[in-house]
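Tertiary structure, described
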Amino acid sequence: MYGIALCIAAMLFICGMIIKINRNSVIPSEHIKQRKKLLKQAAKGDIDAQITVAHYYFTGQYGFEEDEHKAYEWYSKAAKQGSGDAMSKIGELYQYGFGVEKDNAKANLWFLKGADQGSAEAQFQYANALKQQGDYRQAYQYYYLAAEQQYPEAEDEMLRLKHTTALIDK
């Protein structure tokens, strides 16, 4: 059995398909190279790279070990630079308790911060929180902001609010 595995590894090496084993998964060498490049960009402060690294840590994709706490750390780096989308993701982590202790108050605070930065996702999430709290007028306003940015579900939620409450029409 050992001989077969060694033979396969040798054939892959010869064919230029160097692989690395990570938690019982095979990672193509091109993903390893992309991962190193992405981490280098993120470390230099590239917000998009930081968000992508966070996402890959969260999902365990492309050779990144699934690690919700590391995802939180990378989203935090992007949020410190003003990324509303990263702020929204931190809100989601708090909302569901991924990598951090579940805390709806902190989640809503992060959604509000992201919404104030113009993130449609954060605006939508904050509107959902406001709707759950019964603040339909303000929820409508945040759904409207998200809808202006073509956030898919925002218009539907606006219509639901408009049809289910007389508060919006006054």
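Residues numbered from 1 in each chain as written. Predicted model: local features only at pLDDT ≥ 70, side-chain atom pairs only at ≥ 80, totals over all residues. Heavy atoms only, no water.

In the structure shown here, the tally under the stated rule is 9 aromatic pairs. Judged by centre distance (5.4 Å) and plane angle (70°), the ring pair of Phe58 and Phe98 falls under edge-to-face. Remark: Phe98 occurs in the loop between helix 5 (84–96) and helix 6 (104–116) and Phe58 occurs in helix 3 (residues 47–59); sequence separation between them is 40 residues. Phe98 sits in the partly exposed class, given a relative accessible area of 30%. Chaining the aromatic ring pairs together yields one cluster made of Tyr56, Tyr57, Tyr62 and Phe64. One Lys or Arg, Arg35, reaches over the ring of Phe64 and ends 4.6 Å from the middle of that ring. Lying across the ring of Trp110, Lys113 places its NZ or CZ 4.2 Å from the centre. (Phe/Tyr/Trp six-rings, centres within 6.5 Å; stacked < 30°, edge-to-face > 60°. Helix = DSSP H or I, 4+ residues; strand = E, 2+ residues; numbered from the N terminus. Buried < 20%, exposed > 50% of the residue type's maximum accessible area, 1.4 Å probe, protein only. Lys NZ or Arg CZ within 6 Å of the ring centre and 35° of its normal.)

Our next topic: the nonpolar core. One finds Val53, Tyr75, Ile90, Tyr94 and Tyr143 to be the most contacted residues of the largest nonpolar core, which totals 41 residues. For this core, the secondary structure elements donating two or more residues are helix 2 (29–43), helix 3, helix 4 (68–80), helix 5, helix 6, helix 7 (120–132), helix 8 (136–148) and helix 9 (154–164). In contact with Ile90, not counting residues within four places along its chain, are Tyr72, Tyr75, Ser76, Ala79 and Trp110. (Core = buried A, V, L, I, M, F, W, Y, C linked by side-chain atoms within 4.5 Å. Contact = heavy atoms within 4.5 Å.)

Looking now at the environment of Asp156. Residue position: Asp156 is located in helix 9. The spatial distance from the C-alpha of Asp156 to the C-alpha of Tyr143 is 9.1 Å, given a sequence separation of 13 residues.

Here we take up helix 8. Residues that lie three or four places apart on an α-helix share one face, since the helix turns once every 3.6 residues. Its 13 residues give helix 8 an end-to-end C-alpha distance of 18 Å, which sits within 8% of 18 Å, the value for a rise of 1.5 Å per residue. Buried within helix 8 are the following residues: Ala139, Tyr140, Tyr142, Tyr143, Ala146 and Ala147. Looking at the buried residues of helix 8, the elements they touch are helix 6, helix 7 and helix 9. Taken from the residues just after helix 8, Gln150 is the one with a positive phi, measuring 60°. (Expected span 1.5 Å × (residues − 1).)

Compared with the 18 Å implied by 1.5 Å per residue over 13 residues, the 18 Å span of helix 6 between its first and last C-alpha is a close match. Within the span of helix 6, buried status applies to Ala107, Asn108, Trp110, Phe111, Gly114 and Ala115. Projected down its long axis, helix 6 carries its buried residues within an arc of 160°, all on one side. The outward face of helix 6, more than 90 degrees from its buried face, is lined by the exposed residues Ala105 and Asp116. Its buried side turned inward, helix 6 meets helix 4, helix 5, helix 7 and helix 8. Directly after helix 6, the chain includes Gly118, whose backbone phi takes a positive value near 95°. (Arc of directions from axis to C-beta.)

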